[in-house]
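# Observations on the model geometry
This is what each chain is made of:
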Amino acid sequence: MPSIYLSPSTQEKNLYVTGGTEEQYMNLLTDQIVPYLRSSGITYSRNTPDMTAASSIRASNSGNYNLHFAIHSNAAPEGKYGQVRGIDVYYYPGSGFGERAAQIIAKNLKTIYPLPKLVRALPNTTLGELRLTRAPSVFLELGYHDNEDDAKWIIGNLPEIGRNLAGSLTELFGLPLVPPQQEEAAVVATQGGNLNLRSRPSTSASVVARIPNGSRVTVLGKWQDWATIAFQDQVGFAYMMYIRIL
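Everything numeric in this text was worked out from a predicted model, so none of it was measured.

### What about the overall build of the protein?
Each helix and strand counted, the protein has six helices and 13 strands in total. For 246 residues, the compact-globule formula gives about 18 Å, and the C-alpha radius of gyration of the protein, at 19 Å, lands near that figure. For the protein, the C-alpha atoms occupy an extent of roughly 70 × 35 × 35 Å along the three principal directions. Going through the 246 residues of the protein one by one, you find that 50% of them count as buried. At a minimum sequence separation of 6, the contacts of the protein that also span at least 24 residues come to 73%.

What follows is the structure, given as structure tokens:
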């Protein structure tokens with residue numbers, strides 16, 4: 001199953017013109033993304049506000065992630081404070097997967113941002129979280145926090161933006177966006193054989209684990225006839241008809 005390193009901004013000194021900080025709102029946004037990832041079968045790790053960009057890069061590089069996702073908001077250069085709007089989604093040139101991720105994120109953000117023509121996917125060679133990460137990476141600049149309209153849009157739409165970004169990540173990995181739910185304890189209830197845990201909700205998808213009948217599992221989400229299942233250290237999809245909620 002895919003795994004993502006989430007790196008919301010740790011810049012507590014970058015102030016929003018309406019109050020609050022970049023660190024505060026990007027972490028609140030990440031809080032909105034996480035439940036969708038879990039229910040949709042995407043595992044993740046996440047930095048903490050006391051970390052820096054450098055320590056976030058080190059933590060990301062110490063794991064085995066399919067994507068490093070840096071989540072920030074922007075500020076205009078001196079002399080243009082409050083005058084600039086737009087969303088930039090950066091990727092490192094030459095990273096095909098990173099570019100594809102940036103393009104999907106930009107495409108979907110255009111559907112909810114008030115000025116869709118100002119949403120762009122762009123190459124960048126200077127940002128450390130693009131240049132120095134082992135995993136393919138994307139660096140999101142979600143509007144300008146020194147612009148009152150952008151700041152209000154971000155703060156007032158965190159759940160919608162979070163769902164949109166989660167939908168981009170599931171689209172990137174070819175997974176359905178599964179609505180978040182409370183985790184449920186369950187047991188495998190087959191006719192005696194093992195239950196296939198698959199990488200996607202399809203009988204043609206690869207099998208990531210075979211779960212013995214009677215095993216305890218955790219249901220993370222439900223989509224059509226399938227359930228997102230956690231079993232030991234594996235996460236995947238299994239037929240709901242073979243799962244009994246306790």
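### What about the pairing of strand S11 (residues 226-231)?
Counted residue by residue, S11 has six buried out of six residues, so it is predominantly covered. Alternating residues of S11 divide into Trp226, Thr228 and Ala230 and Ala227, Ile229 and Phe231, and every residue in both groups is buried. Bridge count between strand S10 (residues 216-223) and S11: five bridges; the pairing is antiparallel. Bridge pairing links glycine 221 to threonine 228 in S11. The hairpin turn running from S10 into S11, its antiparallel successor, is two residues long, and glutamine 224 in that turn takes a positive phi close to 55 degrees. Where S11 meets strand S12 (residues 234-239), six bridges bridge the pair, whose relative direction is antiparallel. Counted as the bridge partner of isoleucine 229 is glycine 236 from S12.

### A word on the nonpolar core
Ranked by size, the top nonpolar core spans 42 residues in total, and within it Phe69, Leu109 and Leu142 carry the most contacts. Secondary structure elements with two or more residues in this core: strand S1 (3-8), helix H1 (22-39), strand S3 (67-74), strand S4 (87-91), helix H3 (96-109), strand S6 (137-144), helix H5 (148-156) and helix H6 (158-172). By residue number, the principal contributor to this core is H1, which donates seven residues. Contacts of leucine 142, omitting those with residues within four sequence positions, involve Met26, Leu29, His72, Ser73, Ile87, Leu109, Trp153, Ile154 and Ile161. Core analysis: the second largest hydrophobic core is formed by 13 residues, Val188, Leu197, Val219 and Ala238 among them.

### Quick notes on the environment of isoleucine 155
On the secondary structure map, isoleucine 155 appears in helix H5. Measuring from C-alpha to C-alpha, the distance between isoleucine 155 and methionine 26 comes to 9.7 Å, with 129 residues separating the pair along the chain. Apart from the residues lying within four places of it in its own chain, the contact partners of isoleucine 155 are Tyr16, Thr18, Gly19 and Tyr25.

About the thresholds
All chains use their own residue numbering, which begins from 1 and follows the written sequence. With the structure being a predicted model, the display of local features is reserved for residues of pLDDT at least 70 and the display and counting of side-chain atom pairs for 80 or more, all residues being used for whole-chain, interface and lining totals. Excluding hydrogens and water, the side-chain figures rest on all heavy atoms present in the structure. Note on conventions: DSSP H or I runs of at least 4 residues are helices, E runs of at least 2 residues are strands, and numbering of each starts at the N terminus. Using C-alpha atoms as the atom set, the radius of gyration is obtained and then compared with a globule rule of 2.2 Å times the number of residues to the power 0.38. Each residue gets one of three labels from its accessible area relative to the maximum for its type: buried under 20%, exposed over 50%, partly exposed in between, using a 1.4 Å probe on protein chains only. Working rule for contacts: check all heavy atoms of both residues, and any pair within 4.5 Å makes them a contact. Should DSSP find at least two bridges between two strands, the strands are taken to pair. Definition used in this section: a nonpolar core is a set of buried Ala, Val, Leu, Ile, Met, Phe, Trp, Tyr and Cys residues joined via side-chain atoms within 4.5 Å.

Spatial relationships are all this shows, so hold off on functional conclusions.
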